[in-house]
Amino acid sequence: MEAETIKNTQKSSQQTERISGSEAIIKCLLAEGVDILYGYPGGAIMPVYDELYKYQDKIHHVLTRHEQGATHSAQGYARISGKVGVCIATSGPGATNLITGIADAQIDSTPMVCITGQVASHLLGSDAFQETDIVGISTPVTKWNCQITKASEIPEVFAKAFYIAKSGRPGPVLIDITKDAQFEEFDFKYKKCNGIRSYIPVPKLNNASVEAAATLINEAKKPMIVWGQGVSLGEAEAEFKAVVEKAGIPSAWTILGAGAIPTSHPLNIGMVGMHGNYAPNVLTNECDVLIAIGMRFDDRVTGNLATYAKQAKIIHFEIDPAEVDKNVKTDVAVLGDAKESLAALLPLLQEKTYPEWHQKFKDLYATEFEKVIKNDLHPTKEGLTMGEVLKEINSQTKGDAAIVSDVGQHQMIACRYANFNKTRSNITSGGLGTMGFGLPAAIGAKMAAPEREVISISGDGGYQMTIQELGTIFQQKAGVKIVVLNNEFLGMVRQWQQLFFDKRYASTEMVNPDFVAIAKGYSIDAQKVTKREELKEAVAKMINTDGPYFLEVCVEKEDNVFPMVPSGASVSDIRLE
């Protein structure tokens, strides 16, 4: 009797049900554990929204105010949670409005599934109303995309999409679905995807390469680690920390790598790159072994490749074979998952300390502190600096907040001065540099991690690119804390104009609206700070407010972000003023 019951249960789990394509889409999302969906309805996706209406108790749909906001919210959700973010839009302009966020997710390796409606299959290629070849448009900026014209294709395509988006080096996937496929009925059955022929998301670890890396590291006199987001994407924080501590190696991070070990860790020597810290940039060109872990040698990190770390042996731990030797020639490449690779490396490493080498980093930090950091965090000038605002936020959040920054001077200041005690706490647009990313990404981050304090840091320029998402915060009652550092300029462009274009401030000065009044129009508590003595109390009020809050801080109009590696210069030519 018991055996018969088991047999019947197995049989029922394999049974199909006849449903429409649009309902099948919802069931696919549920099978993949999707609980939040960001999007904007329209004609070509309306059948899916009609089905979604019936499943409101299982999937929470967030109506953003623009499709780009939906993509950035899905990114913020994915970046803080490690899950796949999902967004949905209609055909034509709805679909094309997703492209910026998709491109951002592609270059920053963010797992995302984007669903677009499409005109009926018999109208494809006829220039029908709101028809756009979104598959062709999105091909260069997606990890994979697919157009569905028959309902029966839905289960397999969705299963593949979620597998591809999350596996190996993550990235965005787009699924385009014709309207007739959404209406068509078929016998639905879902099976998760666990592998695709010819697709190898994680290269098999070669133990010989791990041993070769360990040998170089153990023989090094002045080793240095530069780590990127691959550590957190691979959930390898514990293994990474163990490697760093056992080997005693000074370790620097790219902006997307921040938080894999806490900012305060004694072996954390700061950020590399154009506006990174002085010591790790300069000493990149003095180390004898450079160990790159889960980073891709982006040009903002390397500066002039012709002069980058030419004296060093290069070890590259990387999951994507396409990144190895793409920009910097490696001596040892360790292909594989960061968690597995670092776990294999750990027992082969010798315990070391390198006191003289570490002292060099401390000496150069002291130089940077005197020339830059002291003026940013403890200014003597009358006007507020962006750095002291971050210092106050640090003080009141104890470094436990998730900082979601937009793009510009404020972004570099946030990355330089925010304390990141937890992994996945620095959420920003890295490779694409998308102004407008911050506010909607903060919405997604807060909804994915409601227990965390999520603070959006924007400049007055980028903030206005997606300011309409205040409506999403208002409708969703999302407890995002919004800080706008207002210098009445497109600050980063103005800095370049000052330094390299003889102060010809062409089209960079902003005439701004009343930001506080706008926030209050969305029933968001708001305050404007213009004086230093107002800052502490204002930040405390923001942090202690239950729900969303907007804080505008008027900062020095012509402050610059230093250190700075001029475009095309060597990292050792970094400027302190």
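Remember, it's a predicted structure, so these values are computed and weren't measured experimentally. (Residues numbered from 1 in each chain as written. Predicted model: local features only at pLDDT ≥ 70, side-chain atom pairs only at ≥ 80, totals over all residues. Heavy atoms only, no water.)

Participant: I'd like a description of the UniProt feature "domain: Thiamine pyrophosphate enzyme N-terminal TPP-binding" (unreviewed entry) in the protein, backed by residues and values.
Facilitator: Following the UniProt record, one finds the feature "domain: Thiamine pyrophosphate enzyme N-terminal TPP-binding" (unreviewed entry) at residues 20-135. In this annotation, residues 20-135 is assigned 43% helix and 18% strand; the end-to-end C-alpha distance for the span is 23 Å. (UniProt positions renumbered as here; feature names shortened; annotations may be inferred. Helix = DSSP H or I, 4+ residues; strand = E, 2+ residues; numbered from the N terminus.)

Participant: Any chance you could break down the nonpolar core for me, citing the residues and the numbers?
Facilitator: In this structure, F240 and L290 are the most contacted members of the largest nonpolar core, which totals 100 residues. Considering every element that reaches this core, the biggest residue donor is helix α16 (residues 355-377), with six residues. Counting residues in hydrophobic clusters, the runner-up holds 46 residues, among them I80, C87, L470 and I482. (Core = buried A, V, L, I, M, F, W, Y, C linked by side-chain atoms within 4.5 Å. Buried < 20%, exposed > 50% of the residue type's maximum accessible area, 1.4 Å probe, protein only.)

Participant: Which residues make up the pairing of strand β12 (residues 289-293), and what are the values?
Facilitator: Across the five residues of β12, five count as buried, placing the element largely inside the fold. Of the two faces of β12, the one lined by V289, I291 and I293 and the one lined by L290 and A292 are each fully buried. Summarising the sheet, strand β9 (residues 223-227) and β12 pair through five bridges and their orientation is parallel. When the bridges of β12 are listed, P223 appears paired with V289. One ladder, built from five bridges, connects β12 with strand β13 (residues 313-318); its direction is parallel. Looking at the pairing, L290 lines up with I314 of β13. (Pairing = 2+ DSSP bridges.)

Participant: Run through helix α22 (residues 491-500), naming residues and quoting values.
Facilitator: Think of an α-helix as turning once every 3.6 residues; residues three or four places apart then point the same way. All buried positions along α22 are accounted for by G491, M492, R494, Q495 and Q497. Packing partners of the buried residues in α22 comprise α18 (409-417). Looking at the residues trailing α22, positive phi occurs at D502, about 50°. (Contact = heavy atoms within 4.5 Å.)

Participant: Let's hear about the domain arrangement of the protein: which residues, and what values?
Facilitator: Splitting the protein by domain gives domain 1 (6-196), domain 2 (207-361) and domain 3 (378-554). If you average the C-alpha positions of domain 1 and of domain 2, the two centres end up 37 Å apart. Facing the seven residues of domain 1 at the interface are seven residues of domain 2. A buried area of about 660 Å², summed over both sides, lies between domain 1 and domain 2, and 51% of it is on carbon and sulfur atoms. (Domains from an automatic or database assignment. Buried area = accessible area lost by both parts, 1.4 Å probe.)

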